[in-house]
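Close look at the chain arrangement
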Amino acid sequence: MFERYTEEARRVIFFARFAASMDGAYSIGPFHLLAGIYKEKSELFNSLLLAKANLDFEKLFRGGKPRVPTSVEIPLSKGSEKALRLAVQSADRARSRSVAVEDLLCGVFQADARSRKQLKRAGLTEAALKRAAAAKPSEPVPTESAAEHLAHVLRVHSSQCGVGYDLHRLGEGRKLILGGVEVPFEKGPVGHSNGDVLSHAVCDALLGAAGLGDIGTHFPDTDPKWKGASSLLFLEHTRKLLDGRSLRIAHIDAVVITEKPRLGPHFPAMREALAKALGISPERVNLKAKTNEGVDAIGRGEAIASHAIATLEA
Ligand code: MG
């Protein structure tokens, strides 16, 4: 997409993305493209008398903390996509192989009514803009690797989800471990492993999202190696599998269903433990608790269950 862009035009997109994050926007709009043009080539704004346009871009570049974290991918809005398409047409009209900042300004002017109104009010005409685009100095088109880098900056990551479920019977004299944390209770899960339904459901959700089968395939209960094993080991192993496929954990949401005990007070420790095993921040792990309203095996306190959903980004 950016192969034909000059270095300056590429920097405009970079600054536009920055402006969007400072602006707290989840897409790069035409206004942000204008801000990027202003930042990269203010002399173009001045030569076209746009200093009078009263577009307060400076506030976006004044520094401070971005309102949308820079780690979040910010896609182009539909309006900006249209502006970029029109920028290519502007370059074609001028018989230029490279798409320059002037072409981007032309694209925004034609694609976005609001920007056009503001720019016109400042005295910009389409004719003046086309003249500027036609008269722009030709510039060598940068290398493919730089284009790839920019595509990476703007890449909208693909995401994939997986669901996990686990249930264990509860028996007397067993430790109740959930999310790797021991919760004081008179009963605990009966199972080959430590019966940590929460970790097992999360593990299955992650494996499912990665298309890697299920927990039984990777940690068979016939293997003595896993007898009584901490379920956090399963998660650590799963994390390595994901790392090997360059899959990043975007978010985990899970619910534990049990009649007793109350789990809320233990959630911070569980989120910490799960996040640590998975190498992510606890903010990426959400936990919820439900009772079964006294019905069925869970309601009678004979079993505990958990559902989880995991989202991975490629
Ligand atoms: Mg299990």
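Here goes a summary of the coordinates provided. (Residues numbered from 1 in each chain as written. Predicted model: local features only at pLDDT ≥ 70, side-chain atom pairs only at ≥ 80, totals over all residues. Heavy atoms only, no water.)

Overview of the coordination of the magnesium ion
- Those protein atoms acting as donors to the magnesium ion are Asp 166 (OD), His 168 (NE2) and His 200 (ND1), and they sit at 2.1 to 2.3 Å.
- Motif for the magnesium ion, donor spacing along one chain: D-x1-H-x31-H. With Asp 166 in strand S1 (residues 159-172) and His 200 in helix H9 (residues 197-209), the pair connects residues that are 34 residues apart, well separated along the chain. As far as burial versus exposure is concerned, Asp 166 and His 200 are alike and both buried. (Donors = N, O, S within 2.8 Å, 3.2 Å for Na, K, Ca; no water. Helix = DSSP H or I, 4+ residues; strand = E, 2+ residues; numbered from the N terminus. Buried < 20%, exposed > 50% of the residue type's maximum accessible area, 1.4 Å probe, protein only.)

Examining the sheet that holds S1
- Strand order across the open sheet formed by 5 strands is S4-S1-S7-S5-S6, with mixed pairing between neighbours. Strand pairing shows two members of the sheet lacking a second neighbour, strand S4 (187-189) and strand S6 (285-290), which therefore form its edges. Averaged over neighbouring strand pairs, the angle between their axes works out to 20 degrees when direction is ignored.
- Examined bridge by bridge, S1 and strand S7 (residues 303-313) share 11 bridges and lie antiparallel to one another. In the sheet register, Tyr 165 faces S7, and the bridge partner there is His 307.
- On top of the sheet, H9 reaches S1, strand S5 (248-257), S6 and S7; it is set at about 155 degrees to S1, its chief contact. (Pairing = 2+ DSSP bridges. Axes fitted to C-alpha atoms, helices over the stretch in contact; angles between N-to-C directions. Contact = heavy atoms within 4.5 Å.)

Some points on the packing of helix H4 (residues 78-93) against helix H5 (residues 101-111)
- At their nearest, the axes of H4 and H5 sit 7 Å apart, and the two run at 125 degrees to each other. As the angle between them shows, H4 and H5 are arranged oblique. Two packed elements cross with a definite hand, and for H4 against H5 that hand is right-handed. Here Gly 79, Lys 82, Ala 83, Leu 84, Leu 86, Ala 87, Ser 90, Ala 91 and Arg 93 of H4 come into contact with H5, specifically with Asp 103, Leu 104, Cys 106, Gly 107, Val 108, Gln 110 and Ala 111. (Parallel < 35°, antiparallel > 145°, perpendicular 65-115°, else oblique. Left-handed = near helix turned anticlockwise from the far one by under 90°.)

Re unusual backbone geometry
- For the bond from Lys 260 to Pro 261, the omega torsion is -5 degrees, close enough to zero to count as cis.
- Assignment of secondary structure puts Pro 261 in the loop between S5 and helix H12 (267-278).
- Of note in this structure, Asp 296 is not a glycine but carries a positive phi near 60 degrees.
- In this structure, Asp 296 sits in helix H13 (residues 296-299).

Concerning the nonpolar core
- Core analysis: the largest hydrophobic core is formed by 45 residues, its most contacted members being Leu 178, Leu 198, Val 202, Leu 206 and Leu 235.
- The set of elements that each furnish at least two residues to this core consists of H9, helix H11 (231-244), S5, H12, S6 and S7.
- Residue contributions to this core peak at 9 residues, all from H9.
- Among residues more than four places away in sequence, those in contact with Val 202 are Leu 235, Ile 252, Ala 254, Leu 278 and Ala 308.
- Counting residues in hydrophobic clusters, the runner-up holds 43 residues, among them Ile 13, Ala 91, Ala 111 and Ala 128. (Core = buried A, V, L, I, M, F, W, Y, C linked by side-chain atoms within 4.5 Å.)

Examining the pattern of salt bridges
- If you walk through the whole model with that rule in mind, you get 11 salt bridges.
- A salt bridge links Arg 4 to Asp 92; the nearest nitrogen and oxygen atoms lie 2.8 Å apart. Note that Arg 4 is positioned in the segment before helix H1 (7-23) and Asp 92 in helix H4, a separation of 88 residues in sequence.
- Between Lys 288 and Asp 253 there is a salt bridge, with the nearest N and O atoms lying 2.6 Å from each other. (Salt bridge = Lys/Arg side-chain N within 4 Å of Asp/Glu carboxyl O.)

Observations concerning the side chain of His 32
- As for its placement among the helices and strands, His 32 is situated in helix H2 (residues 30-40).
- Beyond its immediate sequence surroundings of up to four residues, His 32 is in contact with Ala 16, Ala 19, Ala 20, Asp 23, Ala 25 and Ser 27.

Some thoughts on the layout of surface pockets
- Estimated volume of the largest pocket: approximately 270 Å³.
- Taken together, 16 residues line the largest pocket, and the ones lying closest to its centre are His 168, Ser 193, His 200, Ile 215 and Asp 221.
- At the level of secondary structure, the elements contributing two or more residues to the lining of the largest pocket comprise S1, H9 and helix H10 (215-218).
- It is S1 that contributes the most residues to the lining of the largest pocket, 4 residues altogether.
- Looking at the lining of the largest pocket residue by residue, the classes come out as 7 nonpolar, 6 polar and 3 charged. (1 Å grid on protein atoms, 1.4 Å probe; cavity = no way out; pocket = protein on both sides within 12 Å on 5 of 7 lines; lining within 4 Å. Points joined across faces, edges and corners; volume = space filled by probe spheres on them. Nonpolar A, V, L, I, M, F, W, Y, C, P; charged D, E, K, R; others polar.)

Quick word on H2
- By the criterion of burial, H2 is predominantly enclosed, with 8 of the 11 residues buried.
- Regarding H2, the residues found buried are Pro 30, His 32, Leu 33, Leu 34, Ala 35, Gly 36, Ile 37 and Glu 40.
- Lining the buried residues of H2 we find H1, helix H3 (42-47), H4, H5 and helix H6 (113-121).

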